[in-house]
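Listed here are the chains, written in short residue letters.
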Amino acid sequence: AQSVSQHNHHVILSEAASLELGCNYSYGGTVNLFWYVQYPGQHLQLLLKYFSGDPLVKGIKGFEAEFIKSKFSFNLRKPSVQWSDTAEYFCAARGYQKVTFGIGTKLQVIP
Amino acid sequence: DTGVSQNPRHKITKRGQNVTFRCDPISEHNRLYWYRQTLGQGPEFLTYFQNEAQLEKSRLLSDRFSAERPKGSFSTLEIQRTEQGDSAMYLCAWTRQDSYEQYFGPGTRLTVT
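Notes on the structure follow. (Residues numbered from 1 in each chain as written. Chains lettered and ligands numbered in written order. Predicted model: local features only at pLDDT ≥ 70, side-chain atom pairs only at ≥ 80, totals over all residues. Heavy atoms only, no water.)

**Quick look at the environment of A:Glu64**
Residues and elements named next belong to chain A.
Argument step 1. Following the sequence through the fold, Glu64 ends up in strand E8 (residues 64-68).
Argument step 2. Between the alpha carbons of Glu64 and Leu76 there is a distance of 5.9 Å; along the sequence they are 12 residues apart.
Argument step 3. Dropping the residues within four chain positions of it, Glu64 is found in contact with Leu48, Leu56, Val57, Lys58, Gly59, Asn75, Leu76 and Arg77.
Argument step 4. One polar contact links Glu64 to Lys58, side chain to side chain, over a distance of 2.9 Å. (Helix = DSSP H or I, 4+ residues; strand = E, 2+ residues; numbered from the N terminus. Contact = heavy atoms within 4.5 Å. Polar contact = N/O pair within 3.5 Å; in protein donor to acceptor, adjacent residues only side chain to side chain.)

As structure tokens, this is what we get:
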């Protein structure tokens, strides 16, 4: 069965700190990977996606993620977080048709 | 604006009542998904439509749940004989035919008392 694991459920960082959120997936076939963000009071929005090609993908607002096939991982990174990055972040994987989401990581950035 | 509207935004109902939610995506020619999200969890897949055809249903979708997408445009999700465990945010999302990027609506928050 397809599954997505997010390792950190709640992360607190100071502004300008670097961010890395872990995501591992399990699926035997070709997989598409996504990171979504949900800002307080807003709907889910796509941050970035990986379908094929360069395993290092860049998204909006300075975020990037690296697909490491051998580790079944798709970790999200940002070199320097801002207070406005406070949000909940969801990793997701699409196998055949269904998209499976991780439990989410709440990021709190302290000014 | 993700091009998806959901109505109502909030619904409070008593246990045992039936409720219906509606999702209106921006375009008819796309896939439409329903998810359920409870506190502290990510969205859980319920079902999806390719145009008007319902192609997959999760085991989470008990017999009390039914979804339709007449004419491949808007979609409805009905829950019969609601239970307190049905309290959640119900999300609708759509994708273009040639993509799997999902555009989410604001959701309908259901509270069953």
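From this point, the discussion proceeds with the structure in view.
**Side note on the packing of aromatic side chains**
Argument step 1. Scanning the model with the defined rule gives 18 aromatic pairs over all chains in all.
Argument step 2. Considering the side-chain rings of A:Phe34 and A:Phe51, the 5.7 Å spacing of their centres and the 85° angle between planes classify their relative orientation as edge-to-face. Note that A:Phe34 is positioned in strand E5 (residues 32-38) and A:Phe51 in the loop between strand E6 (45-50) and strand E7 (56-58), a separation of 17 residues in sequence.
Argument step 3. On the accessibility criterion, A:Phe34 (0% relative accessible area) is buried.
Argument step 4. Exposure remark for A:Phe51: the relative accessible area of 31% places this residue in the partly exposed category.
Argument step 5. An aromatic cluster of three or more residues is present, and its members are A:Phe34, A:Tyr36, A:Phe51, A:Phe101, B:Tyr33, B:Tyr35, B:Phe45, B:Tyr48 and B:Phe104. (Phe/Tyr/Trp six-rings, centres within 6.5 Å; stacked < 30°, edge-to-face > 60°. Buried < 20%, exposed > 50% of the residue type's maximum accessible area, 1.4 Å probe, protein only.)

**Some thoughts on the nonpolar core**
Argument step 1. Residues A:Leu33, A:Trp35, A:Leu47, A:Leu48, A:Phe74, A:Leu76 and A:Tyr89 are the most contacted members of the largest nonpolar core, which totals 28 residues.
Argument step 2. Looking at which element gives the most residues to this core, the answer is strand E10 (residues 87-94) of chain A, with 4 residues.
Argument step 3. By size, the runner-up hydrophobic cluster in this structure holds 19 residues, among which are B:Phe21, B:Leu32, B:Leu77 and B:Ala88. (Core = buried A, V, L, I, M, F, W, Y, C linked by side-chain atoms within 4.5 Å.)

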